[in-house]
Amino acid sequence: MIKFENVYFRYEYNGEDILHNINFTLDPGSYHFLTGPSGSGKTSLTTLMYIGNIPTRGKITMFGTDISKAQRSEIFSLRQRIGVVFQDFRLIPHLSTFDNVALPLRILKRPEDEVNNYVNELLDWVGLGKHKKHLPKSLSGGQQQRVAIARAIIGRPKLLLADEPTGNLDDEIGFRLMGLFEQLNRMGTTIVIATHNQQIIEQFGHPCLTLDKGHIHQEDKRKQRKKIRHVF
Amino acid sequence: MIKFENVYFRYEYNGEDILHNINFTLDPGSYHFLTGPSGSGKTSLTTLMYIGNIPTRGKITMFGTDISKAQRSEIFSLRQRIGVVFQDFRLIPHLSTFDNVALPLRILKRPEDEVNNYVNELLDWVGLGKHKKHLPKSLSGGQQQRVAIARAIIGRPKLLLADEPTGNLDDEIGFRLMGLFEQLNRMGTTIVIATHNQQIIEQFGHPCLTLDKGHIHQEDKRKQRKKIRHVF
Amino acid sequence: MFSKRKLFKIINHYTSQLNNRCSGNKIYDLFSNAINSKQYDLPLDDNQDNKFLLILIALMSFLAVLSLSGAIALNSTTNKWSSGLENKITIEISVETKDGHILSKDTILKETKNLYDTLSSHPLIKSVNILSNEEIQDLISPWVGNDLDLTNIPLPSLISVEIKNIGENEFNNLKKDIKKASKHANIETHEQWLSDLIEFTKTLKILSLLVTLIIISITTIAITSAVKTRLAIHNEEVTLLHYMGATDNYIIRQFQRHTVILALKGAIIGTVLGIIVTLSLTFISRSSESDLIPVIYIGFYAIIMLCLVPVIIAIITALTSYITVLRSLAKMP
Amino acid sequence: MFSKRKLFKIINHYTSQLNNRCSGNKIYDLFSNAINSKQYDLPLDDNQDNKFLLILIALMSFLAVLSLSGAIALNSTTNKWSSGLENKITIEISVETKDGHILSKDTILKETKNLYDTLSSHPLIKSVNILSNEEIQDLISPWVGNDLDLTNIPLPSLISVEIKNIGENEFNNLKKDIKKASKHANIETHEQWLSDLIEFTKTLKILSLLVTLIIISITTIAITSAVKTRLAIHNEEVTLLHYMGATDNYIIRQFQRHTVILALKGAIIGTVLGIIVTLSLTFISRSSESDLIPVIYIGFYAIIMLCLVPVIIAIITALTSYITVLRSLAKMP
Ligand SMILES: Nc1ncnc2c1ncn2[C@@H]1O[C@H](COP(=O)(O)OP(=O)(O)OP(=O)(O)O)[C@@H](O)[C@H]1O
Ligand SMILES: Nc1ncnc2c1ncn2[C@@H]1O[C@H](COP(=O)(O)OP(=O)(O)OP(=O)(O)O)[C@@H](O)[C@H]1O
Ligand SMILES: [Mg+2]
Ligand SMILES: [Mg+2]
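The text that follows walks through the structure, step by step, so that each part is easy to find. (Residues numbered from 1 in each chain as written. Chains lettered and ligands numbered in written order. Predicted model: local features only at pLDDT ≥ 70, side-chain atom pairs only at ≥ 80, totals over all residues. Heavy atoms only, no water.)

## As for the pattern of salt bridges
Scanning the model with the defined rule gives 19 salt bridges over all chains in all. The partner of R106(A) in a salt bridge is E112(A), and the shortest N-O contact between them spans 2.6 Å. Neither residue differs from the other here; R106(A) and E112(A) are each classed as buried. Put simply, R90(B) and D88(B) hold a salt bridge, and the shortest N to O gap is 3.2 Å. Overlapping salt bridges, with partners in common, bring together D99(A), R106(A) and E112(A) in one network. (Salt bridge = Lys/Arg side-chain N within 4 Å of Asp/Glu carboxyl O. Buried < 20%, exposed > 50% of the residue type's maximum accessible area, 1.4 Å probe, protein only.)

Here it is in structure tokens:
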């Protein structure tokens, strides 16, 4: 699904390598946490995974395509198979909750009645049934985060990248959404969740990619910690 | 310090009461957590506390001044005694980390060498020594949050309002900053921290204001849970 | 809203099928883009530049209509002149030859007769008419007065000839034939002043072409800069859409539809104003008695042509915004 | 940067003390605001409107300079006229009286003598001068020619009188005194055509006042709208500063400094251009031989006055942005 080979990355502006010699493979249908202290490069790595940036060096293979050799139209179709929850939400300010969540389906040119059904159902599920017509700025922080999550999963992506998806959520709704990710994973979606919330990592016990100052360590916490799946 | 009497609040745009009949008093030098599920009104309540909004009904007394009767210049000097960590950071995008943090001191017209010393020291302390000249958009989520916190406390406010201040921080730096808040509190700053992070609430065991659909319950968790102060 | 969306969905379906079939056809894409999209993901409408662009395009199309209708009026007037004058020549057999001899009345009469016979049967000639003495007297009376008795004065012979629409070669042949029939004949065509006029008209036409070019350039530049400004303002949203897998076309559509609608609005306002001014001028020119104001003639078809101005501006806008957006999107990863 | 800041700090310290002492003095605030602030918290500079505002203000001050220098030139010219003519009157004792009698040479001489005596000792008169016969001949020779012998013809007597600067009442008294001394005297003041001229000058002055008013209004409107646009764009940041306890003055300062600098830049450009054009016109008018072009005179002090245009525009800008920002800040909680 995703293969990083000797990937280095730096922001042009900065001039220092942010990611050093990253090597890992994520199998289709796998579920990984991405953790590491603040500023270690989690968001940067995620950005590379949705082709939001191109690595300075190294090779990234996604869905079997070497992205450095992919054509523009291929990149579009790759991205259409990826759902992203941005750390800073990135909701479109003048679109309502509904339209923000509907965006990926509209980009995929799904029929409008399907869009209606899907979006309404999902918004009810994440507890935003009453806020469908609100603009992002009149939503609370957690509500905005839920809109961002709903938008990422509405298109049933093959790959879900979530950057700190529960940072603004209370435990109840947080676990509810983590449960949704489990479900999606069981239905075949590959999932990468960047988080520093050790509680969640421990509780769900999926394998963990740990970043430290741009270097990656792959560890499987499944062995060490007990799974708490009974929550759902 | 802060006294809410029968306070009701609604956003004009919305038309529904967000806060119902809020009554509480925060003593000078106290430390409170403000918790409640997402969308319960924590941010709205905080906004009232820094006079970012005016209550629809009821009376708010801050620093002994009834804010509905306060003059414009009084409001300014009230606000200068309050530090706020916004949930969405609200860093000024074209100002560097340093200038963002220096802003409250410059508003207070502190001498520029004092500004330099204070800001540099604090930035080093929160681990942003290398990022003083960076613009907010080239900082990671957690780094931005630390800038927001630094900006809130740089002016040694009499009242610190922090809205979800550790949502984007890893545990280590998170606890480090919570420790900083403890220190400030010991030096006399009244502190209100809105958070849904039960772990932190339990660990620090300060009295807790719980919001639920706009209604407030005041409970003192100090009695029920053991304090973990040895972290610092 | 739902049923509208459904309708658009159906249209979209068929047009996208069409699109697939002729995917190389960029011009087709251009229009389906501009027409099909119903929803903006980008808040393009709440921009202060919009009003400026609208007024600019209205002004430009107003100028375009005026310059075009000027060219049309000029064209139809010169056509009238040409058709009235170009095919008429006058042949004169003057009393005094170039080398100073005085011709006898008999010689003049004989040569005139000769010429008339030749021309009447000439295949390139429509009609021949020998001016009678009275007609000649009428012509020259302003100079010599009416009282002068011309009977004893040798009068020149004037033959007015209407020729068929012919090329230059045939006209030269005709000249030779005339010279053969009468060696003293002077052929007076209206060539000189007409060619002057036509030269002048050509200059005016080039000028109006220039005006059109300037208008097109200004419109293109204005649209380019407006689109670039919008792209800069909405850079974040555009990047986001890109990351979500939106194709270049999806994003271009948003800008295109917005600018095309804006340009159409402006162009229609400008064109209508321009046509009103043109028609007013036409009526004034017709109703005025003064010879100084030439009668302007703008036909029905010409007005139809003027109505094409908004269409052309819409096409320019669609193309310009297509290219501008595509170019800056190409820079994104 | 550090030492600069320190310097500003010190200045700030003293000016803020001054401010406190005369806290009611808004005008003082206005300037200390515009000058003291060294740092922008708001990114006012990267705005596309800036160029437009700069050009507009340059244009406005250019026009202001032209209109002002026009008024100055007019003023100095009419001053020259007035000072040359206003205090001079001519008294004539003509040969033929109004009712047709011919006066004898003796009568004329006697009355002239009489008049001269009265006027020489009159307190309102500066100087009196009886024109000699030669002078009179010089004056009338263009009409009657030089050859004519005037010795035997009764000549009118002309007395040129320079009076002191006096009011209308005194002037009427003077008139009476003259009539008393000589009942045949005709007083010729330059009142009529001068008052016409002054009327005309007044109109021009009103016109230039109008131009100035229009310029001020346009400048004010442009600055208001520019400031409002910036406030709208940076609404979030302004609100944030407010929440952080920034006073209205702190925020106003940012806008003010930005607009004042921009306006000063534009005004200086426009003023320099305007002065260049004015001086060029002055030199052209002086070097030209033609009588049609009046000599324009713009003095050194006038140019100093023109240099005040940028200062005035800066004051208007400071005031306008002060009021505009204050008004919209007052709406914030
Ligand atoms: N500007 C606004 N206009 C209208 N409604 C708003 C606005 N801001 C918040 N709300 C609504 O008020 C309610 C309370 O919001 P608030 O932001 O106070 O919640 P919160 O407790 O901070 O939640 P969270 O933990 O998710 O940040 C929500 O239902 C939200 O939709
Ligand atoms: N746009 C950018 N330009 C330059 N440097 C950047 C940019 N974005 C991030 N960085 C730097 O790259 C490093 C890694 O940032 P990144 O956002 O990937 O961290 P992170 O692991 O997501 O941290 P957090 O948990 O705080 O979100 C940081 O030091 C940051 O300052
Ligand atoms: Mg991050
Ligand atoms: Mg909140």
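## Section: the sheet that holds strand 3 (residues 157–163) of chain C
All names here are of chain C. Within the open sheet, the 4 strands sit side by side as 2-3-1-4. Their pairing is antiparallel. In the strand order of this sheet, the two ends are held by strand 2 (125–130) and strand 4 (185–188), each with one partner. Across the sheet, the axes of successive neighbouring strands diverge by a mean angle of 20°, strand direction being ignored. (Pairing = 2+ DSSP bridges. Helix = DSSP H or I, 4+ residues; strand = E, 2+ residues; numbered from the N terminus. Axes fitted to C-alpha atoms, helices over the stretch in contact; angles between N-to-C directions.)

## Things to note about the sheet that holds strand 1 (residues 2–10) of chain A
All names here are of chain A. Pairing within the open sheet is antiparallel, and its 4 strands lie in the order 2-1-4-5. Among the strands making up the open sheet, the edge pair consists of strand 2 (17–26) and strand 5 (65–66). Examined bridge by bridge, strand 1 and strand 4 (residues 57–62) share 5 bridges and lie antiparallel to one another. When the bridges of strand 4 are listed, F4 appears paired with I60.

## A short note on the side chain of T46(B)
Considering the arrangement of structural elements, one finds T46(B) in helix 1 (residues 42–49). What T46(B) contacts, discounting residues up to four positions off in sequence, is L34(B), L161(B) and A194(B). (Contact = heavy atoms within 4.5 Å.)

## Considering the coordination of the magnesium ion (ligand 4)
All names here are of chain B. Binding of the magnesium ion (ligand 4) to the protein goes through T43 (OG1) and Q87 (OE1), at separations of 1.8 to 2.2 Å. One end of the pair, T43, is in helix 1; the other, Q87, is in the loop between strand 6 (82–85) and helix 3 (97–107), with 44 residues separating them in the sequence. Taking the relative accessible area as the measure of exposure, T43 reaches 28% and is therefore partly exposed. For Q87, a relative accessible area of 15% corresponds to the buried category. (Donors = N, O, S within 2.8 Å, 3.2 Å for Na, K, Ca; no water.)

## Some remarks on the site of ligand 2
Around ligand 2, a shell composed of 18 residues is seen, among which K42(A), T43(A), S44(A), S140(B) and G142(B) lie nearest. Looking at the residues close to ligand 2, they fall on chains A and B. Within the complex, the protein chains bury 91% of what would otherwise be the 630 Å² of accessible surface of ligand 2. Broken down by secondary-structure element, the contributors of at least two residues to the shell around ligand 2 are helix 1 (42–49) of chain A together with helix 5 (141–153) of chain B. Residues that form the shell around ligand 2 fall into these classes: 2 nonpolar, 14 polar and 2 charged. (Near = heavy atom within 4 Å. Areas by Shrake-Rupley, 256 points an atom, 1.4 Å probe, with all protein chains shown as cover. Nonpolar A, V, L, I, M, F, W, Y, C, P; charged D, E, K, R; others polar.)

## Quick word on the packing of helix 3 (residues 97–107) of chain A against helix 5 (residues 141–153) of chain A
All names here are of chain A. Their axes nearest at 7 Å, the elements helix 3 and helix 5 cross at an angle of 30°. Relative to helix 5, the element helix 3 lies roughly parallel. Viewed along their axes, helix 3 and helix 5 form a crossing whose handedness is right-handed. Of the residues in helix 5, those touching helix 3 at T97, N100, V101 and P104 are V147, A150 and R151. Residue composition of the contact of helix 3 with helix 5, grouped by class: 4 nonpolar, 2 polar and 1 charged. (Parallel < 35°, antiparallel > 145°, perpendicular 65-115°, else oblique. Left-handed = near helix turned anticlockwise from the far one by under 90°.)

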